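Structure at a glance
In case you want the letters, here they are:
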Amino acid sequence: MTSPDPLALHESVPAQLAELRLERGRPLIVTDCDEVLVEFLKGLERYLEANNLWIDLQSFALSGNIKHRDTNEPVPPKEMPALLERFFDTETHRLDAVEGAADALAELSKRAQVVVLSNLPLTQRRTRIDNLSAQGLDYPVIANQGLKGGPVRKLAELVEAPVFFLDDLPPNISSVAEAYEPSHRIHFIADERLAKLLGPAKDSHFHTTDWNAAKAFIEEKLAAEGF
Ligand SMILES: [Mg+2]
C-alpha cells in the first residue's frame, strides 16, 4: 500500500482558493470547523437523541460507537456514511459555536488573516458560512474532502508568512506537517470528553480544548517571528 500524496488537492478546492483575497506577507490562521469552531459532538448527540440513538464514548471513533437506545446494538459501519450525511443535512445550520472562538479569532484578526478549512460537501458550504457568521465567525470557508496538507501548502504559498493550523483529527495534523513543515500546528478538541480519549497528536506543537490558550500560543509565536 502506498501512502497518500501529501500534496493532493480535491478537485473542488482550486476554484475555492482562487476566490480568496489573501494578503501576501500577513500571517494566516487555517482552522478546522467541526470540534474546533463549532460543537460537533454536542450537535451529533442532539441529533442521535432525536433518532433514538446514542454515542458510547469508549474510544475516539464514530463508527461502532453509535448505538440504538433500545437494544444497544451498534449502527453497522456501512450505514455510517448515510447517517452522517443526514446529520449534516439537518444540523449544520444550527451547530453552536465553541466558547471563546469568536472573541479569540476577532482579536487575532488584528494581526493575522483567517481561513476556515472544513471537510464537508460543497453543497453544505453556504450553510456552514451562514451558521458561522451568525455567531461572530465571519471568515471564508473552504469545503475540502480528504487530508488537509495539500490545501494548507497552497495557502502557505499564497501568503508567504507564518501559517497556523488547528484541527481535532491527528491524520490532518500529520498531513499538514508533511506538506508544510514550517506550519505551527495546534491539536484543538473542544469537547473535554473527546480530548481525554485522545492525547496530543504526534505532529502537533500544542494540544488544547481552550480558545484562550490557543490564542496565547499563536500570539507568542507571532511575537517570536516579529509580527
Ligand atoms: Mg474537525
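Residues numbered from 1 in each chain as written. Predicted model: local features only at pLDDT ≥ 70, side-chain atom pairs only at ≥ 80, totals over all residues. Heavy atoms only, no water.

Notes on the coordination of the magnesium ion
For clarity, the threshold we go by: Counted as coordinating are nitrogen, oxygen and sulfur atoms within 2.8 Å of the metal, or 3.2 Å for Na, K and Ca, while water is not included, which may make sites look incomplete. Helix and strand assignments come from DSSP, with helices taken as H or I runs of at least 4 residues and strands as E runs of at least 2, each series counted from the N terminus.
With distances of 2.0 to 2.3 Å, the protein atoms coordinating the magnesium ion are D32 (OD), D34 (O) and D168 (OD). Sequence spacing among the residues donating to the magnesium ion works out to D-x1-D-x133-D. With D34 in the loop between strand 1 (28-31) and helix 2 (40-50) and D168 in the loop between strand 6 (163-167) and helix 7 (170-179), this residue pair connects regions lying 134 residues apart in the sequence.

Let's talk about the domain arrangement of the protein chain
Put simply, the rule is: Delimitation of the domains relies on an automatic or database domain assignment. Here a residue-residue contact requires only that any non-hydrogen atoms of the pair lie within 4.5 Å. Values labelled buried area give the accessible surface lost by two parts on being combined, using a 1.4 Å probe and summing over both.
Domain annotation of the protein chain identifies domain 1 (13-39 + 97-224) and domain 2 (41-93). In this structure, domain 1 and domain 2 have C-alpha centres spaced 25 Å apart. The interface of domain 1 with domain 2 comprises 14 residues on the first partner and 12 residues on the second. Buried area between domain 1 and domain 2, both sides added, is near 1300 Å², and the carbon and sulfur share of it is 61%. Broken down residue by residue, the surface that domain 1 buries against domain 2 is led by E39, R193 and L197, which jointly contribute 37%.

A look at the packing of helix 4 (residues 101-108) against helix 9 (residues 211-224)
Convention followed: Structural elements are reduced to axes, namely lines fitted to C-alpha atoms, with helices fitted over the stretch in contact, and the angle between N-to-C directions of any two is expressed from 0 to 180 degrees. By the definition adopted for this analysis, an angle is roughly parallel if under 35 degrees, roughly antiparallel if over 145, roughly perpendicular if from 65 to 115, and oblique otherwise. Two helices crossing with the near one rotated counterclockwise from the far one by less than a right angle form a left-handed crossing, whereas a clockwise rotation gives a right-handed crossing. Gly is put with the polar residues, along with every residue not named as nonpolar or charged; the nonpolar set is Ala, Val, Leu, Ile, Met, Phe, Trp, Tyr, Cys and Pro, and the charged set is Asp, Glu, Lys and Arg.
The geometry of helix 4 relative to helix 9 is characterised by a closest axis approach of 9 Å and an angle of 15° between their N-to-C directions. On the basis of the axis angle, helix 4 is roughly parallel to helix 9. Relative to helix 9, helix 4 is oriented so that their crossing is right-handed. Only W211, K215, I218 and E219 of helix 9 make contact with helix 4, whose side of the interface consists of A101, A104, L105, E107 and L108. Considered class by class, the residues forming the contact of helix 4 with helix 9 number six nonpolar, no polar and three charged.

Observations concerning the environment of P121
Looking at the element boundaries, P121 is found in the loop between strand 4 (113-119) and helix 5 (125-133). Measuring from C-alpha to C-alpha, the distance between P121 and V38 comes to 17 Å, with 83 residues separating the pair along the chain. Look past the residues within four positions of P121 in its chain and what remains in contact with it is A143 and Q145.

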